[in-house]
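The chain contents come next:
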Amino acid sequence: MDYKKAENKIKEIIQDSSNVLQDIVDFLCDSFEHYSWVGIYIVEGNNLILGPWKGPHATEHTKIPIGHGVCGSAAESGRTEVVDDVHSDDRYLACFVTTKSEIVVPIKKDGKTIGKIDIDSDKPAAFTQDDSMFLEKVAELISPYV
Ligand code: SME
């Protein structure tokens, strides 16, 4: 699906859904082949707690201290993290044997990180600048629902 179409669809879901975060996660996972596992983590104190997710398997990393893993780094810096090869990144916390690359996008409210979108791909270097820009827009749109 093209990113502009997807953004419009996301705006529709936000208007119509009574379960925005889960429906957005499902939509992202179903619409882009290179999004193998999609999850939203919510900041609670010094941890990230896994909220809605969709993918072939559950992850054991349902609670990640801020500052740990690729997820915790993005939460700490407030910047999008793109990892082309998870096995060459020392911060990487392994969830699935099939994962090759990962993107983590902070969700912010009033400049503060309140959560993040985490996507694993079974394809190496799957995430482009278009994915970053699109997912940063998604993060902005869903921020009021976190
Ligand atoms: N790989 C992440 C942990 C979460 S799982 O990918 C779902 C990390 O390094 O923080």
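Residues numbered from 1 in each chain as written. Predicted model: local features only at pLDDT ≥ 70, side-chain atom pairs only at ≥ 80, totals over all residues. Heavy atoms only, no water.

What follows concerns the side chain of Asp 89. With respect to the element layout, Asp 89 can be found in the loop between strand E4 (81-83) and strand E5 (101-109). Accessibility expressed as a relative area gives 17% for Asp 89, which makes it buried. Within the structure, the side chain of Asp 89 is placed 2.8 Å from the side chain of Arg 91, a separation counted as a polar contact. (Helix = DSSP H or I, 4+ residues; strand = E, 2+ residues; numbered from the N terminus. Buried < 20%, exposed > 50% of the residue type's maximum accessible area, 1.4 Å probe, protein only. Polar contact = N/O pair within 3.5 Å; in protein donor to acceptor, adjacent residues only side chain to side chain.)

Now for the site of the ligand. Near the ligand lie 13 residues; those nearest to it are Val 70, Cys 71, Leu 93, Cys 95 and Glu 102. Within the contact set of the ligand, an oxygen atom lies 3.0 Å away from a backbone nitrogen or oxygen of Val 70. One nitrogen or oxygen atom from the main chain of Leu 93 is found 2.8 Å from an oxygen atom belonging to the ligand. When the ligand is considered free in solution it has 310 Å² of accessible area, and contact with the protein chains removes 100% of it. If you map the ligand onto the pockets, it falls in the largest cavity. (Near = heavy atom within 4 Å. Areas by Shrake-Rupley, 256 points an atom, 1.4 Å probe, with all protein chains shown as cover. 1 Å grid on protein atoms, 1.4 Å probe; cavity = no way out; pocket = protein on both sides within 12 Å on 5 of 7 lines; lining within 4 Å. Sits in = over half its atoms within 2 Å of the grid points.)

Turning to helix H3 (residues 69-77), a few remarks are in order. With respect to burial, H3 is a largely interior element, seven of its nine residues being buried. Among the residues making up H3, those that are buried are Gly 69, Val 70, Cys 71, Gly 72, Ser 73, Ala 74 and Ala 75. On its buried face, H3 is in contact with strand E1 (37-44), strand E2 (47-54), strand E3 (63-65), E4, E5 and strand E6 (112-121). (Contact = heavy atoms within 4.5 Å.)

Another point: the pattern of salt bridges. Applying the stated rule across the entire model yields seven salt bridges. Across the pair Lys 4 and Glu 7 runs a salt bridge whose closest N-O atoms are separated by 3.6 Å. Taken together, the positions of Lys 4 and Glu 7, both in helix H1 (residues 3-16) and three residues apart, correspond to about one turn of that helix. Judged by relative accessible area, Glu 7 falls into the buried class, the value being 13%. In this structure, Arg 91 engages Glu 81 in a salt bridge whose closest nitrogen and oxygen atoms are separated by 3.2 Å. Separated by ten residues along the polypeptide, Arg 91 in the loop between E4 and E5 and Glu 81 in strand E4 bring together distant segments of the chain. Classification of Arg 91 by relative accessible area gives partly exposed; the value is 29%. (Salt bridge = Lys/Arg side-chain N within 4 Å of Asp/Glu carboxyl O.)

A word on the nonpolar core. With 29 residues, the main nonpolar core has Ile 24, Leu 28, Tyr 35, Phe 134 and Ile 142 as its most contacted residues. At seven residues, the largest contribution of residues to this core is made by helix H2 (residues 20-31). Residues in contact with Tyr 35, not counting those within four places in the same chain, are Tyr 3, Leu 28, Cys 29, Ile 119, Asp 120, Phe 127, Asp 131, Phe 134 and Leu 135. Membership of the second largest hydrophobic core comes to 14 residues, among which are Leu 48, Leu 50, Ile 64 and Ala 74. (Core = buried A, V, L, I, M, F, W, Y, C linked by side-chain atoms within 4.5 Å.)

For the rest of this paragraph, the subject is the sheet that holds E1. The six strands are arranged E3-E2-E1-E6-E5-E4 in an open sheet whose pairing can be described as antiparallel. The open sheet has two edge strands, E3 and E4, and neither has a second partner. Between one strand axis and the next, the sheet turns by 25 degrees as a mean value, whatever way the strands run. Alignment of E4 against E5, held across three bridges, turns out to be antiparallel. Considered in E5, the bridge of Glu 81 is made with Val 104. Here H2 sits on the sheet and contacts E1 and E2; the angle it forms with E2, its principal contact strand, is near 65 degrees. Sitting on the sheet, helix H4 (residues 129-142) touches E1, E4, E5 and E6, and the angle it makes with E5 is about 35 degrees. (Pairing = 2+ DSSP bridges. Axes fitted to C-alpha atoms, helices over the stretch in contact; angles between N-to-C directions.)

Just geometry here; none of it tells us what the structure is for.
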